[in-house]
Amino acid sequence: QVYLVESGGGLVQAGGSLRLSCAASGSIFGVSVMGWYRQAPGKQRELVARITRGGSTNYADSVKGRFTISRDNAKNTVYLQMNNLKSEDTAVYYCNAVAYGQTYWGQGTQVTASS
């Protein structure tokens, strides 16, 4: 079992920045990929960014150049630095981890960018 706890969401004006953190605990040695997904009202959950244990990253086209995902394996924590936020980035952001072939989710944190 892997437990994920997110922090760092909030309200920011469009053009501003936020940094999300996700701390993993439990069976963390099996965690291979960690990432961030988001879900806006009335929309499906979508991938924002993900990072492997080795540091390889993938980003949604809509956030490339604005968001950066990073990972501290020693602290079992993944971060999402979000710059130049837009109103369309408003959503609940969920931390995600894959371990031993299973997928785990955090409780979600609200990010609101007001225009």
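These figures come from a predicted structure and were not determined experimentally.

> Please explain the sheet that holds strand 3 (residues 18–26) as it appears in this structure.
Within a sheet, neighbouring strands are paired by backbone hydrogen bonds and run either parallel or antiparallel to one another. Taken together, the four strands give an open sheet; going across it, the order is 1-3-8-7, and neighbouring strands pair in antiparallel fashion. Both edges of this open sheet fall to strand 1 (2–7) and strand 7 (67–72), since each of them pairs with a single strand only. Between one strand axis and the next, the sheet turns through 15° on average, direction left out of account. With six bridges joining them, strand 1 and strand 3 adopt antiparallel strand pairing. Residue pairing in the sheet places Tyr3 in a bridge with Ser25 of strand 3.

> Please explain the side chain of Asp89 as it appears in this structure.
For Asp89, the position within the fold is in the loop between strand 8 (77–82) and strand 9 (91–99). Taking the relative accessible area as the measure of exposure, Asp89 reaches 1% and is therefore buried. Of the polar contacts made by the side chain of Asp89, one reaches the side chain of Arg38; its length is 2.9 Å.

> What is the right way to look at the state of the cysteines in this model?
Where two cysteines share a covalent bond between their sulfur atoms, that bond is called a disulfide. Counted by the stated rule, this structure contains one disulfide. The residue that forms a disulfide with Cys22 is Cys95, at a sulfur-sulfur distance of 2.0 Å. For the disulfide bridge between Cys22 and Cys95, the dihedral angle about the S-S bond is near -85°, and by the sign convention the bridge is left-handed. In this pair, Cys22 sits in strand 3 while Cys95 sits in strand 9, placing the two residues 73 residues apart along the sequence.

> Would you explain the nonpolar core in this entry?
What tends to happen in soluble globular proteins is that the nonpolar side chains get buried as a cluster. Core analysis: the biggest nonpolar cluster contains 31 residues, and Leu4, Met34, Trp36, Leu80, Met82 and Tyr93 have the highest contact counts within it. When contributions to this core are tallied by element, the ones reaching two or more residues are strand 1, strand 3, strand 4 (31–39), strand 5 (46–52), strand 7, strand 8, strand 9 and strand 11 (109–114). Per-element accounting of this core gives the leading share, five residues, to strand 9.

> In this structure, what is going on with unusual backbone geometry? I would like to understand it.
Glycine aside, residues mostly have negative phi, and peptide bonds are mostly found in the trans state. We note that Asn84 has phi near 50°; this positive angle belongs to a residue other than glycine. Judged by relative accessible area, Asn84 falls into the partly exposed class, the value being 41%. Here Tyr100, not a glycine, exhibits a phi torsion of approximately 50°, which is positive. Following the sequence through the fold, Tyr100 ends up in the loop between strand 9 and strand 10 (102–105).

> Mind showing me how you'd approach the pairing of strand 5 here?
Within a regular strand, side chains alternate between the sheet's two faces. Sheet analysis places strand 4 next to strand 5, joined by six bridges and oriented antiparallel. By the bridge assignment, Arg38 is partnered in strand 5 with Glu46. Count of turn residues in the strand 4/strand 5 antiparallel hairpin: six residues, of which Gly42 carries a positive phi of about 75°. Direction of pairing for strand 5 relative to strand 6 (residues 57–59): antiparallel, over a ladder of three bridges. Each bridged residue has a counterpart across the sheet, and for Arg50 the counterpart in strand 6 is Asn58. What sits between strand 5 and strand 6 in their antiparallel hairpin is a turn of four residues, with Gly55 showing a positive phi close to 105°.

Here is what the cut-offs are and how they apply
Residues numbered from 1 in each chain as written. Predicted model: local features only at pLDDT ≥ 70, side-chain atom pairs only at ≥ 80, totals over all residues. Heavy atoms only, no water. Pairing = 2+ DSSP bridges. Helix = DSSP H or I, 4+ residues; strand = E, 2+ residues; numbered from the N terminus. Axes fitted to C-alpha atoms, helices over the stretch in contact; angles between N-to-C directions. Buried < 20%, exposed > 50% of the residue type's maximum accessible area, 1.4 Å probe, protein only. Polar contact = N/O pair within 3.5 Å; in protein donor to acceptor, adjacent residues only side chain to side chain. Disulfide = S-S within 2.5 Å. Core = buried A, V, L, I, M, F, W, Y, C linked by side-chain atoms within 4.5 Å.

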